[in-house]
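As a plain string of letters, each chain reads:
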Amino acid sequence: MKIKINGEDFTFDHDALTVDGLLIAHQVEMPEYVTVQVNEEIIDKDDFASFNIHDGDEVEFLYYMGGGK
């Protein structure tokens, strides 16, 4: 399966991959703080285990940072 993650091409040997599986396969640090967008649609964290990634999908890992005064 070929997908784009944050604008870069990646190939995975998996035929089926959920968002949770992708976070593990891509070794995303602090997955509890990441928002995932697939093909410009933000995926609800409750759906990470069931939302399937497909060949050709474009995935963005978004981290929201706070702080400052």
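All chains use their own residue numbering, which begins from 1 and follows the written sequence. Reporting of local features is limited, given that this is a predicted model, to residues whose pLDDT is at least 70; pairs of side-chain atoms are given and counted only at 80 or more, and all residues count toward the totals for whole chains, interfaces and linings. Excluding hydrogens and water, the side-chain values take into account all heavy atoms of the structure.

Caption draft 1: The arrangement of the overall build of the protein chain in detail. Each helix and strand counted, the protein chain has one helix and seven strands in total. The helix and strand labels rest on DSSP assignments: H or I over at least four residues marks a helix, E over at least two residues marks a strand, and numbering proceeds from the N terminus. Each helix and strand of the protein chain, ordered N terminal to C terminal, gives the series β-β-β-α-β-β-β-β. All radius of gyration figures rest on C-alpha atoms, and the globule criterion is 2.2 Å times the number of residues raised to 0.38. Whereas a compact globule of 69 residues would reach a radius of gyration of roughly 11 Å, the protein chain reaches 12 Å, a difference of no more than 12%. Structurally, the protein chain occupies a C-alpha span of about 45 × 25 × 20 Å along its principal axes. The buried label applies to any residue whose accessible area, calculated with a 1.4 Å probe on protein chains only, is under 20% of its type's maximum; exposed applies above 50%, and partly exposed to all values in between. Per-residue burial over the protein chain gives 29% buried out of 69 residues.

Caption draft 2: Fine view of the pairing of strand S1 (residues 2-5). Burial of S1 is one-sided: the residues Ile3 and Ile5 facing one way are buried, the residues Lys2 and Lys4 facing the other way are not. Across four bridges, S1 lies against strand S2 (residues 8-11) in antiparallel orientation. Of the residues in S2, the one forming a bridge with Ile3 is Phe10. In this structure, the hairpin formed by S1 and S2 is closed by a connection of two residues, where Asn6 is found at a positive phi of approximately 50°. By definition, two strands form a pair when at least two bridges between them are found by DSSP. In terms of strand pairing, S1 meets strand S7 (residues 58-63) through two bridges, oriented parallel.

Caption draft 3: Quick look at the nonpolar core. Residues grouped as a nonpolar core are buried Ala, Val, Leu, Ile, Met, Phe, Trp, Tyr and Cys residues, joined through side-chain atoms within 4.5 Å. Counting residues in hydrophobic clusters, the biggest one holds 17 residues, and the most contacted among them are Ile3, Leu22, Leu23, Val36, Ile53, Val59 and Phe61. Every element with two or more residues in this core is listed here: S1, helix H1 (19-25), strand S4 (34-38) and S7. Contacts: residue pairs with any heavy atoms within 4.5 Å of one another. With sequence-adjacent residues up to four places away left out, Ile3 is seen in contact with Glu8, Asp9, Phe10, Phe12, Leu22, Ile53, His54, Gly56, Asp57 and Val59.

Caption draft 4: Layout of the pattern of salt bridges. The working definition used for a salt bridge is a side-chain nitrogen of Lys or Arg within 4 Å of a carboxyl oxygen of Asp or Glu. On inspection of all chains with the given rule, the structure shows one salt bridge. A salt bridge links Lys4 to Asp9, with the nearest nitrogen and oxygen atoms 3.1 Å apart.

Caption draft 5: Spotlight on the side chain of Thr35. Locating Thr35 in the fold gives a position in strand S4. Judged by relative accessible area, Thr35 falls into the buried class, the value being 16%. If we skip the residues at most four places from it in the chain, Thr35 touches Ile42, Lys45, Glu60, Phe61, Leu62 and Tyr64.

Caption draft 6: Geometry of the environment of Ala49. Looking at the secondary structure, you find Ala49 in the loop between strand S5 (41-43) and strand S6 (52-53). Take Ala49: its relative accessible area is 53%, and that puts it in the exposed class. Sequence separation between Ala49 and Phe10 is 39 residues; the distance between their C-alpha atoms is 20 Å. Setting aside residues no more than four positions away along its own chain, Ala49 makes contact with Thr18 and Asp20.

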